[in-house]
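# Structural description and commentary
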Amino acid sequence: MLRVLLIIILFVSVIYANGKRLTVQLNWKYQYEFAGYIAAIEKGFYKEAGIDVILKEYDNNVDVIGDVLSGESDLGIYGSSLVEIGSKNDNLILIANYFKRSALVIVAKQDILTPNDLIGKKIMASGFEMENSSLATLFKKFGIHKNDFTVVPHTFGVNEFIDGEVDAMTAFVSNQLYFLQQKNTNYNIIDPSNYGVFGFEHNLFSNKDFALHNQDLIRKFVDATKQGWDYALENPLEISALIYNKYSKAKPIDALLFEANQIKKLMMPNVYAIGSIDNFSLEKYVSDLKNESLISKEFNIKNILFNYINAQSDIFTAEQLAYLSTKKEITMCVDPDWMPYEKIEKGQHIGLAADYFEMFKSKLNIPINLVITNTWDESLQKAKNRECDILSLAVNTLQRREYMNFTKPYISYPLVIVTKMDKLFVTDIESIITKEKIGVVKGYASYDIYSKKFPEHKLVQVANVKEGLEKVRRGELYGFIDTLPTVGYEIQRNYINELKIAGKFEDMWQLGIAVRSDDVMMLEIFNRLVDSISVQDANEIANKWFAVIYEEKIDFKNFWEIITVVAFILLLVLYRQMQLKHHNNELNKKQKELELAKLEIEKSFNTIQRLIDSTMEAIFIFDNGICKDVNVIAVNMLGYASKDELIGRQMIDFVADPFVETVKQYFRESVVTPYEIDVLRKDGTTFPALVQGGFIELGGKQIRISTALDLSEIKQRDKLLFQQSKMAAMGEMIGNIAHQWRQPLSVISTIATGLKFQIEFDSFDKKEAMNDLDGLNNTVQYLSKTIDDFRNFFKSNKFKTEFNVSEAIQKDINLLSATFKNNFIRLGLDLDNSLEISGYRSELTQALLNILNNAKDALVENNVNEDDRVVLIRTYKKQNAAVIEIADSGGGVNEKIAEKIFEPYFTTKHQSQGTGIGLYMTYEIVVKNFGGHIGVKNKEFIYENKPYFGAVFRILLPLSENQNA
């Protein structure tokens, strides 16, 4: 018996010797937020690393921080406030960060658009969320205090918001949004990240004592967890079913799948390595906390980072210092022509990288000597030949790792493509690389990576950036690929109005220092130097070198061409399949051959089906108004469970009632132009969509292929843009108030002073005093009227009304009269007082004020002679439209940019003076809200018998029905 007992004890001891146990305290219930850990357990990744991991689900009695610091749990998961807690507790160590932005947002009623709109409202939230989170930072940024609204305790449900008991509530984008959508509830989201407030969520941490004694174990755990997250993000359906069946049924599988999609957006695995800590972003976050006095100004974030757990107060270890003391010099090769990153000019290293290396030299105290080269390819060759110890700036690629090691990246920027101004927007590298000649610099990592990824590429290697851009300008290349700062630097200096950035790709160029592979100690030293870079140092260097304007457009033309081709190919495949079935009935002797052919066709069909399922548009195939097939996007967009639920339904089953007759008409008349309707989901809710369709004959039948693009996000963006435009106009109006009030206030001051003198010198004249008081009262009445005029401008109309065009223009003139007078601008009017239109009066006021303010700015900024500053406003009737013409003598609009002035965010002013949304919102108001037209031309006009030249804006607005009648 004793021998058996000893054998059992020995067996158990062997098991624990080969595998170490780690307990992880979660900060919430089992759900997809912890899918990476669950996948690592269930798929054996922890077991392969020799770790036995136990996950501890959260309950209301758990203190996550306290459990880990006391040793009751080895590791824990916590939110962004971990940084604040760590700044006050030296025993806390941050090991990994998984969510690169906060999942915590505010869900509000649709009329609540900005944080300021929450003032005076009732919000459901936990006290912690309002005091120690990214939301708390957002409120401080807007100067909003917790007393400015009413906070009620959070139930962590959504019924209170749906029932209208609260105006807003805190929510996690991965949780509550799903249930709101299931309930068909309309809402608006206030996301701190949209206002530049980024939180660090889902942080893995431990206590310092445990981390010090188990560093290898923790690193193995982090690596295995990354494997788990990789698997979970690639297999959301499998892991969702696993969580539901084995861990928790609190959320249905559909909700877990929704959460999986949101989690991937929060983790951004295509940009950041899973679990990595971005030191620059983290230091920026800490800097914001310091500015808000949430943590001490003396706190150093590196004190709580696992990667620095053994770091001394100095940068280098004793062993590294000993190495440096024997090193006489470090030789360095650079890219001789890659500004603003770096360049060799007159034998000197200049540019962004050069500034970083000046900092490095001061910390090394040994010389870094530049090896002169003429091309980047020559620099790479010298690195291979060991003629230089390091490359100052390089991308880590498989080929280069044969002879170089790489530090952590210290510069990271997106990859973009440059084209001529007339080329369309490029959505991704795949859409262009096999069709057009694209330039890349010889030896750059972009060629190595893309040439292998796309074997049929048409990449052309050039000597340097300037040669590539010049070939694009001459039309020898369709485009040129490089990083955003590089091409922006060259375009702004040499190719304004000739070249543009026509696309930004998801790829981020991570640039570090390349160190010869036979010197590991030098690699460690330069990694230490990269870690020593502060956010302030990085910002100062970046601000010195970078400035670029990025232009982006949506290429709908190319999109419809692709859809047409795909649809045509699909119909050809369907037609061929029908032919095969017909021959199959007639030719029994060739049954086997036909079956084989059928299999091949089905294979091709499946390939095409996968292609159309990868689009962002819903695709429908109708036969005589009956749905015959759809893609997966249509199933998801309309909220159905499968294609079978849609096939066999009538076309009108997918259309909201007000648009049924419109769609029927488009079907009858075979109209192929795009148009907007509201599409009907399975649950009865609707959403705006851009739809288009066309007929094609197939098997003697007229088959219609229709597509639908969800416009919900675009509509929401337009709403926010309108609000932004209104806020910008408010700024203009504040200035106008000051101008309007200056003269009346001067009159009041003069009268008051005169009365005071009369009283002091006993010369008080009652009659004269009464006259002065009458003047004072008239002036006050004028001020009151001015306030009413401005208040009416800011007031939002809720209903359309009929109003007189001339009266609306006169109101605008009253608002701007003082500003025009102070800038010596004469205003001419030629108005038809009979014109009546229907719409929102305040919107027309805003549209006209945008044009008039721009006219004022043009006259002042172009230094037009004060005697020649004229703005002329004419109104007249033309057919069934009211015409408003606004002309100024400012010299006109540059012909090269005239077509762009109504585009969003396009501005000819300095960034500090213009946002580029004024004329865009004027266009939106005139065209979309009034159904009118607006254009601009440079032309000569006559005022008071004298000719002037400038921009003439012409607005056509439909007359009201009464006038048309």
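Residues numbered from 1 in each chain as written. Predicted model: local features only at pLDDT ≥ 70, side-chain atom pairs only at ≥ 80, totals over all residues. Heavy atoms only, no water.

### Notes on the pattern of salt bridges
- Counted under the stated rule, the structure contains 29 salt bridges.
- Its salt-bridge partner being E42, residue K246 comes within 2.9 Å of it at the nearest N-O pair. Of this pair, K246 sits in helix α12 (residues 236-247) while E42 sits in helix α2 (residues 35-42), placing them 204 residues apart in sequence.
- In this structure, R101 engages D191 in a salt bridge whose closest nitrogen and oxygen atoms are separated by 2.3 Å. Of the two residues, R101 sits in the loop between β4 (92-99) and β5 (104-108) while D191 sits in the loop between β9 (188-190) and β10 (201-207), which places them 90 residues apart along the sequence.
- What makes D191 buried here is its relative accessible area of 7%. (Salt bridge = Lys/Arg side-chain N within 4 Å of Asp/Glu carboxyl O. Helix = DSSP H or I, 4+ residues; strand = E, 2+ residues; numbered from the N terminus. Buried < 20%, exposed > 50% of the residue type's maximum accessible area, 1.4 Å probe, protein only.)

### Considerations on the pairing of strand β3 (residues 75-78)
- By the alternation rule, side chains of β3 split into L75 and I77 and G76 and Y78, which are all buried.
- As judged from the two bridges shared by strand β1 (residues 20-25) and β3, these two strands associate in the parallel manner. Each bridged residue has a counterpart across the sheet, and for Q25 the counterpart in β3 is G76.
- The sheet contact formed by β3 and β10 spans three bridges and is antiparallel. Bridge pairing in β10 places I77 opposite L204. (Pairing = 2+ DSSP bridges.)

### Here's the deal with the confidence of the model for the protein
- On average, residues of the protein score 79 in pLDDT, and 78% of them are at 70 or above.
- Predicted confidence in the protein is weakest over helix α1 (residues 2-18), with a mean pLDDT of 38, and strongest over α2, with 96.
- Contacts of residues 547-563 to residues separated by more than four positions or lying in other chains number 29 contacts, the stretch itself having pLDDT below 50.
- Confidence drops under pLDDT 50 across residues 910-916; counting only partners more than four residues distant or on other chains, this segment forms nine contacts. (pLDDT = per-residue confidence, 0-100. Contact = heavy atoms within 4.5 Å.)

### Structural notes on the state of the cysteines
- Taken as a whole and judged by the stated rule, the model has one disulfide.
- Two residues, C333 and C388, share a disulfide whose sulfurs are 2.4 Å apart. Every disulfide takes its handedness from the sign of the S-S torsion; for C333 and C388 that torsion is -105°, giving left-handed. Here the residue C333 occupies a position in strand β11 (residues 330-333), and C388 occupies one in the loop between α17 (376-384) and β16 (390-395), the gap between them amounting to 55 residues.
- Residue C388 is classed as buried on the basis of its relative accessible area, which comes to 0%. (Disulfide = S-S within 2.5 Å.)

### Concerning the packing of aromatic side chains
- Tallied over the full model, the rule gives 24 aromatic pairs.
- A ring pair is formed by Y37 and Y98, whose centres lie 6.1 Å apart and whose planes are at 75°; its orientation type is edge-to-face. Taken as a pair, Y37 in helix α2 and Y98 in strand β4 lie far apart in primary sequence, 61 residues in all.
- Classification of Y37 by relative accessible area gives buried; the value is 0%.
- Seen in terms of ring centroids, W376 and Y444 are 6.2 Å apart; in terms of plane orientation they differ by 75°. Their pairing is edge-to-face. In this pair, W376 is assigned in helix α17 and Y444 in the loop between β19 (438-441) and α18 (445-453), connecting sequence segments 68 residues apart. (Phe/Tyr/Trp six-rings, centres within 6.5 Å; stacked < 30°, edge-to-face > 60°.)

### With respect to the environment of L217
- If you trace the backbone, L217 turns up in helix α11 (residues 215-234).
- L217 gets classed as buried once you look at its relative accessible area, which sits at 12%.
- Discounting chain neighbours no more than four positions away, the residues touching L217 are K20, L22 and I51.

### Concerning the sheet that holds strand β34 (residues 946-958)
- Taking strand neighbours across the sheet as the criterion, the five strands line up as β29-β31-β32-β34-β33 in an open arrangement whose pairing is mixed. Looking along the sheet, the strands with just one partner apiece sit at the ends: β29 (826-830) and β33 (933-943). The average angle at which neighbouring strand axes cross in this sheet is 20°, direction not considered.
- Against the sheet, helix α31 (residues 918-929) makes contact with β33 and β34, and its axis sits at roughly 110° relative to β33, the strand it touches most. (Axes fitted to C-alpha atoms, helices over the stretch in contact; angles between N-to-C directions.)

### Overview of the nonpolar core
- Residues Y356, L364, I390, Y410 and F526 are the most contacted members of the largest nonpolar core, which totals 83 residues.
- Here this core takes eight residues from strand β22 (residues 499-516), the largest share from any one element.
- Excluding residues within four positions of it along the chain, F526 makes contact with I330, F357, L364, I390, T407, I513 and V515.
- If you look at the next biggest cluster of nonpolar residues, it comprises 61 residues, including L26, I38, A39 and I51. (Core = buried A, V, L, I, M, F, W, Y, C linked by side-chain atoms within 4.5 Å.)

### Side note on unusual backbone geometry
- P340 follows M339 through a cis peptide bond whose omega is 10°.
- Among the structural elements, P340 can be located in the loop between β12 (337-338) and β13 (342-345).
- For N624, which is not a glycine, the phi torsion comes out positive at approximately 55°.
- Tracing the backbone through its elements, the reader meets N624 in the loop between β23 (618-623) and β24 (626-630).
- Located in the positive-phi region is F824, a residue other than glycine, with phi close to 60°.
- When you line up the elements, F824 lands in the loop between α29 (805-822) and β29.
- Looking at F824, the relative accessible area reads 47%, which means it is partly exposed.

### Concerning the sheet that holds strand β14 (residues 348-350)
- With antiparallel pairing, three strands are arranged side by side in an open sheet as β12-β13-β14. On the outer flanks of this sheet lie β12 and β14, each paired with one strand and no other.
- Of the strand pairs in this sheet, β13 and β14 are connected by three bridges, and their pairing is antiparallel. Each bridged residue has a counterpart across the sheet, and for E345 the counterpart in β14 is Q348.

### Here's the deal with the pairing of strand β31 (residues 870-878)
- Pairing of β29 with β31 involves five bridges; the strand directions are parallel. Bridge pairing in β31 places L827 opposite V871.
- One ladder, built from eight bridges, connects β31 with strand β32 (residues 881-888); its direction is antiparallel. Note that in β32 the partner of V871 across the bridge is D888.
- Where β31 folds back onto β32 in an antiparallel hairpin, the turn is made up of two residues, including Q879, whose phi is positive at roughly 55°.

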